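Listed here are the chains, written in short residue letters.
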Amino acid sequence: MKIPLWWKTSAMWFTDGLTSEDEYIKALEYMIEKRIIIV
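Residues numbered from 1 in each chain as written. Predicted model: local features only at pLDDT ≥ 70, side-chain atom pairs only at ≥ 80, totals over all residues. Heavy atoms only, no water.

1. Some thoughts on the environment of Met31
When you line up the elements, Met31 lands in helix α2 (residues 21-33). Sequence spacing of Met31 and Leu18 is 13 residues, and the spatial spacing of their C-alpha atoms is 20 Å. Sequence-distant contacts of Met31, defined by excluding residues within four places in its chain, comprise Pro4, Trp6, Trp7, Ile36 and Ile37. (Helix = DSSP H or I, 4+ residues; strand = E, 2+ residues; numbered from the N terminus. Contact = heavy atoms within 4.5 Å.)

2. Some points on unusual backbone geometry
Even without being glycine, Arg35 reaches a positive phi, approximately 60 degrees. Along the chain, Arg35 falls in the segment after α2.

3. Concerning the packing of aromatic side chains
If you walk through the whole model with that rule in mind, you get 4 aromatic pairs. On the numbers, 5.9 Å between centres and 70 degrees between planes, the contact of Trp6 with Tyr30 is edge-to-face. In this pair, Trp6 sits in helix α1 (residues 5-15) while Tyr30 sits in helix α2, placing the two residues 24 residues apart along the sequence. Given the relative accessible area of 37%, Trp6 is considered partly exposed. The exposure class of Tyr30 is partly exposed, given its relative accessible area of 41%. Among the aromatic side chains, those forming a connected cluster through ring pairs are Trp6, Trp7, Phe14, Tyr24 and Tyr30. (Phe/Tyr/Trp six-rings, centres within 6.5 Å; stacked < 30°, edge-to-face > 60°. Buried < 20%, exposed > 50% of the residue type's maximum accessible area, 1.4 Å probe, protein only.)

4. Comments concerning the packing of α1 against α2
The geometry of α1 relative to α2 is characterised by a closest axis approach of 10 Å and an angle of 155 degrees between their N-to-C directions. The pairing of α1 with α2 is recorded here as roughly antiparallel in orientation. Here α1 runs over α2; the crossing is left-handed. Facing Trp6, Trp7, Ser10, Ala11 and Phe14 of α1, the residues of α2 in contact are Glu21, Tyr24, Ala27, Leu28, Tyr30 and Met31. (Axes fitted to C-alpha atoms, helices over the stretch in contact; angles between N-to-C directions. Parallel < 35°, antiparallel > 145°, perpendicular 65-115°, else oblique. Left-handed = near helix turned anticlockwise from the far one by under 90°.)

Structure representation (structure tokens):
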């Protein structure tokens, strides 16, 4: 499985404090909804 580049960027921005927790969670929910990741 390959992690999408946009997700890596989103995670980096979150850890650097450049994006909010809400935006990070929305991106995670999108990946789950689209079955990019399965929980």
